[in-house]
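Working through the structure, step by step
Spelled out from the first residue to the last, the chains are:
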Amino acid sequence: MSELVKKPLFNPEGDIEVTKRKMIGGNTTNLNDFNHMKYNWVSDWYRQAMNNFWVPEEINLSVDIKDYKMLPAAERRAYDKILSFLIFLDSIQTANLPNIGEYITANEVNLCLSIQTFQEAVHSQSYSYMLDTICEPQERNAVLYQWKEDRHLLERNEFIGNLYNAFQEEKSPEMLACTLIANYILEGIYFYSGFMFFYNLGRNRRMPGSVQEIRYINRDENTHLWLFRSILMELKKEEPWLFTAEKTEKYRSMIREGCEQEIRWGHYVIGDDIQGLNREMITDYIQYLGNLRCRGLELEPVYEGHEKEPESMSWVSQFSNANMIKTDFFEARSTAYAKSSALVDDL
Ligand SMILES: [Fe+2]
Ligand SMILES: [Fe+2]
């Protein structure tokens, strides 16, 4: 397959047989048939994503209004810059996921991408709600469009934006695979300097409402990571030529580059000026995450000697996992999916 074929829309001649279904290059009918799925993990994923439904405005931010004014200058700067980057990531995800879906010919996977797109929109809206609540409209706009003044932020946004734009220019299976890897990196590495900063605020008993918003977002992002890992692993089975040693090496170097950028960004926005965090902790944690993401795709680690979660950072997973719904990425299934949309707060 040298060219990627866009999925047809109304296609009565499409294949109904599950055995003929393919991640790319299939002949889909686009019928939402929940009873005949090829990819078993989709039903677990779908159930979990639905159970994760939440509404940003239901989280009380009244303490954050007072806390934000009292934040030490370094924390306030980091809060604004991190939020600005997260807003960009969730916005570009909302816009780009439908582009990916246009070339995925497994309808059940497209259903998942539609739910993910909705969740990314909710995430962008939650940042808006946070900013509208804690600061004046002028400050809010300055945070939203901070990439216009901050070249570090612009550089970061450009990197991911250019990767996504490349798929707009060239619709090839290779470029789709790179876009899927870029998504996997975005969902599994890029959010994490931000998450760790917010959870550190939580440890320091500051901005409790913002921390709670981030925990809900983090829970969704975990399922997005699960989705993209699963798509990539299915693609590896169906289109092994997209995973030759040479191409795999390229994916590994993309993951490494993603980590390097996240580390540089973490050093820039957090540095050594924030109580409870420092450059070394950021580096160790992101390197560990990079290896974890490689392992998720059965790739060799990118940072030797960083296979275990650094002890100094164990509190991050306590915040992000303080939840009855845990996701086991390596098993590609949820370990519990009780009917619940609320985080169980045992912190
Ligand atoms: Fe998101
Ligand atoms: Fe996401």
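This section reports on the structure supplied with the text. (Residues numbered from 1 in each chain as written. Chains lettered and ligands numbered in written order. Predicted model: local features only at pLDDT ≥ 70, side-chain atom pairs only at ≥ 80, totals over all residues. Heavy atoms only, no water.)

All right, on to the coordination of the iron ion (ligand 2) then. Those protein atoms acting as donors to the iron ion (ligand 2) are Glu120 (OE), Glu187 (OE), Glu187 (OE), Glu221 (OE) and His224 (ND1), and they sit at 2.0 to 2.3 Å. Each donor residue of the iron ion (ligand 2) belongs to the same chain, with the gaps between them written as E-x66-E-x33-E-x2-H. Taken as a pair, the iron ion (ligand 2) and the iron ion (ligand 1) show a spacing of 3.4 Å, with Glu120 coordinating each metal. One end of the pair, Glu120, is in helix H4 (residues 107-134); the other, His224, is in helix H9 (residues 208-238), and 104 residues separate them in sequence. Classification of Glu120 as buried rests on a relative accessible area of 0%. The exposure class of His224 is buried, given its relative accessible area of 0%. (Donors = N, O, S within 2.8 Å, 3.2 Å for Na, K, Ca; no water. Helix = DSSP H or I, 4+ residues; strand = E, 2+ residues; numbered from the N terminus. Buried < 20%, exposed > 50% of the residue type's maximum accessible area, 1.4 Å probe, protein only.)

It is worth spelling out the coordination of the iron ion (ligand 1) at this point. On the protein side, the iron ion (ligand 1) has Asp90 (OD), Glu120 (OE), His123 (ND1) and Glu221 (OE) as donor atoms, found 1.9 to 2.1 Å from it. Sequence positions of the donors to the iron ion (ligand 1) reduce to the motif D-x29-E-x2-H-x97-E.

Before going further, it helps to spend a moment on helix H10 (residues 245-269). Taking 1.5 Å as the rise per residue, H10 with 25 residues should run 36 Å; its terminal C-alpha atoms sit 36 Å apart, in good agreement. At the exit of H10 stands Gly271, carrying a positive phi of roughly 55°. (Expected span 1.5 Å × (residues − 1).)

For the rest of this paragraph, the subject is the side chain of Gln119. In this fold, Gln119 is placed in helix H4. Look at Gln119 and you get buried, because its relative accessible area is 5%. Those residues in contact with Gln119 that lie beyond four places of it in its chain are Ala49, Asn52, Asp220, Thr223 and His224. (Contact = heavy atoms within 4.5 Å.)

Now for the packing of helix H3 (residues 73-101) against H4. Look at H3 against H4: their axes get within 9 Å of each other, and the N-to-C directions meet at 155°. It follows from the interaxial angle that H3 and H4 lie roughly antiparallel. Here the hand of the crossing between H3 and H4 comes out left-handed. Residues Tyr79, Leu83, Leu86, Ile87, Asp90, Ser91, Gln93, Thr94, Leu97, Pro98, Ile100 and Gly101 of H3 touch H4, and the partners they reach there are Asn110, Leu113, Gln116, Thr117, Glu120, Ala121, His123, Ser124, Tyr127, Met130, Leu131 and Ile134. (Axes fitted to C-alpha atoms, helices over the stretch in contact; angles between N-to-C directions. Parallel < 35°, antiparallel > 145°, perpendicular 65-115°, else oblique. Left-handed = near helix turned anticlockwise from the far one by under 90°.)

What follows covers helix H11 (residues 279-296). The periodicity of an α-helix, 3.6 residues per turn, causes residues three or four positions apart to be oriented the same way. With 18 residues, H11 should cover 26 Å at 1.5 Å per step; its first-to-last C-alpha distance of 26 Å lies within 8% of that length. When you tally the buried positions in H11, you get 14 out of 18 residues, the bulk of the element. At the N-terminal end of H11, a side-chain oxygen is found 3.1 Å from the backbone nitrogen of Glu280, two or three residues along, and the residue is Asn278. Positive phi appears at Glu298, one or two residues downstream of H11, with a value of about 60°. (Polar contact = N/O pair within 3.5 Å; in protein donor to acceptor, adjacent residues only side chain to side chain.)

This paragraph deals with the packing of helix H7 (residues 173-190) against H9. The geometry of H7 relative to H9 is characterised by a closest axis approach of 9 Å and an angle of 150° between their N-to-C directions. As far as their axial angle goes, H9 and H7 are roughly antiparallel. Of the two possible hands of crossing, H7 and H9 adopt the one that is left-handed. Contacts from Ala177, Leu180, Ile181, Asn183, Tyr184, Glu187 and Gly188 of H7 reach H9 at Glu221, His224, Leu225, Phe228, Arg229, Ile231, Leu232 and Leu235. Taken together, the residues that form the contact of H7 with H9 break down as nine nonpolar, three polar and three charged. (Nonpolar A, V, L, I, M, F, W, Y, C, P; charged D, E, K, R; others polar.)

Glancing now at the pattern of salt bridges. Applying the stated criterion across every chain yields a total of 14 salt bridges. Of the charged contacts, one joins Asp272 and Arg279 as a salt bridge, the two residues approaching to 3.2 Å between their closest N and O atoms. Overall, Asp272 belongs to the partly exposed group, its relative accessible area being 47%. (Salt bridge = Lys/Arg side-chain N within 4 Å of Asp/Glu carboxyl O.)

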